[in-house]
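# Per-entry structural report
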Amino acid sequence: MEHAVVIGGSVGGLLAARALSGAFEQVTVLERDRLPDGVAARRGVPQSRQAHALLARGSMVLDELFPGFVAEMLRAGVPAGDLQADCHWYLDGRLMRRAPSSLPVYGVTRPLLEHLVRERVRALPNVTLTSVAEVTGLTLRGGRVCGVRAGDDTIGAGLVVDAGGRASRLPFWLRDLGYGRVPVTSVRTDVVYTTRHFRYEPDRLPFAVINAPYPGMPRTGVTIRQEGDRVVLFLGGILGAEPPVDDAGVTTFAESLPGPEIRDFLRTAEPLDDPVRMRFPASVRRHYERMPRLPDGLVTIGDAMCSFNPIYGQGITVAALQALALARTAGAGRWHTRAARLVDVPWSMATATDLRFPQVEGPRRALDRPMNAYLQRYRAAAAHDPDLGAAFLRVSNMLAAPGHLLAPGRLLRVLLSPARAGRGPVRRRPQAAGRRG
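The sections below set out a description of the structure shown in this document. For every chain, the first residue of its written sequence is number 1, and the numbers climb from 1 along that sequence. Residue-level local features of this predicted model are given only where pLDDT is at least 70; pairs of side-chain atoms are given and counted only at 80 or more, and the full residue set underlies all totals for whole chains, interfaces and linings. In computing side-chain values, all of the structure's heavy atoms are included and hydrogens and water are not.

Secondary structure follows DSSP: runs of H or I at least 4 residues long count as helices, runs of E at least 2 residues long count as strands, and numbering of each begins at the N terminus. What a helix is expected to span follows from its residue count: subtract one and scale by 1.5 Å. Taking 1.5 Å of rise per residue, 20 residues should cover 28 Å, and helix H9 (residues 335–354) covers 28 Å from first to last C-alpha, within 8% of that figure. At valine 343, H9 is bent by approximately 35 degrees, the largest bend along its length, and proline proline 346 sits one to four residues beyond. One axis fitted to the seven residues ending at a residue, another fitted to the seven starting there: the angle between these axes is the bend at that residue.

Structure follows, in structure tokens:
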């Protein structure tokens, strides 16, 4: 095949270009923003200044798409650790039992991750990255996409990939071309979150601290060690629980969290920048797989198809999984059906967690209530049983299906666990921080 065009040069678009580079003679990435030459947050990706998480499955897929990528991250100074042994996880206010595991965690910032991916893609001989090139529409011939319009130019293509992110214009283009409206599912959480960086001080914090929100506690607080001897602080709230940006307010917010680590760290922490705030009204899934018809030669990937609640850090990993599927199929066949299957599980996990809050707007299923009751007992039991914690992390990192939590042995241990299944936090002194990456 001759030419593929990718709309959008963020992580999803770059991964799509890598995926198609083996099947097309030429791949062109069109990005409306100006792409930097080095490591820098971009205006076109406002969330790039916020804290990011790379799930274990995501790092493995990136290493498959770009052999040696994880080693390259480490050479760039990205710290690494054990996801269970080196991190303090507070689930429903309870500290998960820590133990060594085979799950890696990497403290990489979004600008560095995007830079490393971008440089790998730039090195591909048949891929061209074009900055300041805004796509304004599709061109069709006989029910098939044959290119895009960019300014006054028309660029021909045998395949067009929409990786335009949450701001994708594809639904409007399809409607104007007579294909109708794209069905959408949304779960409204009104997330507001802030990020700030502090100087890393050895032995002051474990590799990461994660205070997950739960009914009665609509706030979250996370710290992660990152490259450049930094610690990133992420404070978030849903349903109106907005984190403040002034020092006194941040301290008060941290004191309300179940775990004491962030509160204690902030007492003497040295800030390196000012807080940056961002709003995320709702998780949105566009169901292209439900469209009665779509033009051939069209692929959608990443946030352009599904944007997740940023608290769960799933977006990059899902885009990487879709890119891996794209590399194997070159977008042939029922792409949107195949891509939707890759979204089903992470979407269900994230939205089911959000819908535990009665005030959150979104479609609920009959099985949500009994499953949430079981998972509430599961999280309580994981405070004492490290195998349950390891299984939980494997599922949340997309290394195992949710049914992994219902294996007979785990089911029995959850039901027989002496841990109370109540929602209230159980605060206990954190175990030693463990080994450092």
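We are not done yet, so read on.
This paragraph deals with unusual backbone geometry. In this model, aspartate 229 sits at a positive phi of 55 degrees, which is unusual for a non-glycine residue. For every residue, the accessible area obtained with a 1.4 Å probe (protein chains only) is divided by the maximum for its type, and the residue is called buried under 20%, exposed over 50%, and partly exposed between those limits. Taking the relative accessible area as the measure of exposure, aspartate 229 reaches 51% and is therefore exposed. A positive phi angle, near 55 degrees, is found at alanine 330, a position not held by glycine.

Strand pairing is assigned whenever DSSP detects at least two bridges linking the two strands. In spatial order, the strands read S5-S4-S13-S14-S15-S12-S16-S18; together these eight strands make up an open sheet with mixed pairing. Strands at the two margins of the open sheet, each flanked by one partner only, are strand S5 (94–95) and strand S18 (306–307). By the bridge criterion, eight bridges tie strand S12 (residues 184–199) to strand S15 (residues 230–237) in an arrangement that is antiparallel. What sits directly across from arginine 199, in S15, is arginine 230.

A separate point is a nonpolar patch on the surface. Patches in this entry comprise residues that are over 30% relatively accessible and not in a salt bridge; like charges within 9 Å are linked, as are nonpolar side chains (Val, Leu, Ile, Met, Phe, Trp, Tyr) within 5 Å. Per-residue and other accessible areas follow the Shrake-Rupley method at a 1.4 Å probe size, with only the shown protein chains counted as cover for residues. Think of a salt bridge as a Lys or Arg side-chain nitrogen and an Asp or Glu carboxyl oxygen that are within 4 Å of each other. Together, Leu406, Leu411 and Leu415 line one region of the surface with nonpolar side chains, adding up to about 230 Å² of accessible area. On the secondary structure map, leucine 415 appears in helix H12 (residues 408–416).

So, about the pattern of salt bridges. According to the stated counting rule, one finds 26 salt bridges in the structure shown. In this structure, arginine 42 engages glutamate 31 in a salt bridge whose closest nitrogen and oxygen atoms are separated by 3.6 Å. Linking arginine 42 in the loop between strand S2 (26–30) and helix H2 (56–65) with glutamate 31 in the loop between S2 and H2, this pair joins segments that are 11 residues apart in sequence. The pair arginine 42 / glutamate 31 is uniform in exposure class, with both members buried. Ionic contacts of the salt-bridge type, sharing partners, join the residues Glu31, Asp33, Arg42, Arg110, Glu114 and Arg118 into one network.

This next bit is on the sheet that holds strand S11 (residues 159–162). With parallel pairing, five strands are arranged side by side in an open sheet as S7-S2-S1-S11-S17. The outermost strands of the open sheet, each flanked by one partner alone, are strand S7 (127–130) and strand S17 (298–300). Adjacent strand axes in the sheet meet at a mean angle of 20 degrees, parallel and antiparallel pairs treated alike. Across four bridges, S2 lies against S7 in parallel orientation. Residue pairing in the sheet places threonine 28 in a bridge with threonine 128 of S7. All axes are obtained by fitting lines to C-alpha atoms, using only the stretch in contact for helices, and the reported angles, taken between N-to-C directions, cover 0 to 180 degrees.

Okay, the environment of valine 284 next. Structurally, valine 284 can be placed in strand S16 (residues 276–286). Exposure remark for valine 284: the relative accessible area of 25% places this residue in the partly exposed category. Separated by 262 residues in the primary sequence, valine 284 and glycine 22 have C-alpha atoms spaced 31 Å apart. Setting aside residues no more than four positions away along its own chain, valine 284 makes contact with Val184, Thr185, Ser186, Met305, Cys306, Ser307 and Trp347. Residues count as neighbours in contact if any of their non-hydrogen atoms are within 4.5 Å of one another.

Before going further, it helps to spend a moment on the packing of helix H11 (residues 386–396) against H12. One can describe the packing of H11 onto H12 by two numbers: an axis separation of 11 Å at closest approach and a directional angle of 125 degrees. On the basis of their axis angle, the class for H11 and H12 is oblique. H12 is crossed by H11, and the crossing has left-handed handedness. Here Asp387, Leu388 and Ala391 of H11 come into contact with H12, specifically with Arg410, Arg413 and Val414. For the contact of H11 with H12, a count of residues per class yields three nonpolar, no polar and three charged. Here the word oblique covers every angle except those under 35 degrees (roughly parallel), over 145 (roughly antiparallel) and from 65 to 115 (roughly perpendicular). In this scheme the crossing of two helices becomes right-handed for a clockwise turn of the near helix relative to the far one and left-handed for an anticlockwise turn of less than a right angle. Polarity classes work like this: nonpolar for Ala, Val, Leu, Ile, Met, Phe, Trp, Tyr, Cys and Pro, charged for Asp, Glu, Lys and Arg, and polar for all others, with Gly in that last group.

Another point: the packing of aromatic side chains. When the centres of two rings from Phe, Tyr and Trp lie within 6.5 Å, Trp using its six-membered ring, the rings pair. Their planes under 30 degrees apart give stacked, over 60 give edge-to-face, and anything left gives tilted. Scanning the entire structure with this criterion turns up five aromatic pairs. An angle of 80 degrees between the planes, with centres 5.9 Å apart, marks the rings of phenylalanine 198 and phenylalanine 265 as edge-to-face. Pair noted here: phenylalanine 198 is in strand S12 and phenylalanine 265 is in helix H7 (residues 261–266), with a separation of 67 residues, a long-range link. Considered together, phenylalanine 198 and phenylalanine 265 belong to a single accessibility category, that of buried residues.

Two faces make up the sheet, and in a regular strand the side chains alternate between them. Buried residues dominate strand S1 (residues 3–7), accounting for five of its five residues. Burial along S1 is two-sided: His3, Val5 and Ile7 facing one way and Ala4 and Val6 facing the other are all buried. Alignment of S1 against S2, held across five bridges, turns out to be parallel. Directly across from valine 6, in S2, lies its bridge partner valine 29. Looking at chain direction, S1 and S11 are connected through four bridges and run parallel.

What follows is about the nonpolar core. Here, the term nonpolar core denotes a set of buried Ala, Val, Leu, Ile, Met, Phe, Trp, Tyr and Cys residues that are joined through side-chain atoms within 4.5 Å. Leu15, Leu20, Met73 and Tyr378 are the most contacted members of the largest nonpolar core, which has 92 residues in total. Top element by residues in this core is helix H8 (residues 315–329). It accounts for eight residues. Ignoring anything within four residues of it in the chain, the contact list for tyrosine 378 reads Leu388, Ala391, Phe392, Leu405, Arg410 and Val414.

Two quantities define a packed helix pair, namely the angle between the helix axes and the distance between the axes. At their nearest, the axes of helix H1 (residues 11–20) and H8 sit 8 Å apart, and the two run at 20 degrees to each other. The angle between H1 and H8 places the two elements in the roughly parallel class. Remark: the crossing between H1 and H8 carries right-handed chirality. Only Ile316, Ala319, Ala320, Ala323, Leu326 and Ala327 of H8 make contact with H1, whose side of the interface consists of Val11, Gly12, Leu15, Ala16, Ala19 and Leu20. Classifying every residue of the contact of H1 with H8 by side-chain character gives 11 nonpolar, one polar and no charged.

Further remarks concern the side chain of glutamine 314. For glutamine 314, the location among the structural elements is in the loop between S18 and H8. Residue class for glutamine 314 comes out buried when judged on its relative accessible area of 4%. Apart from the residues lying within four places of it in its own chain, the contact partners of glutamine 314 are Leu55, Phe308, Pro346, Met349, Ala350 and Met398.

These values are about where atoms sit, not about what they do.
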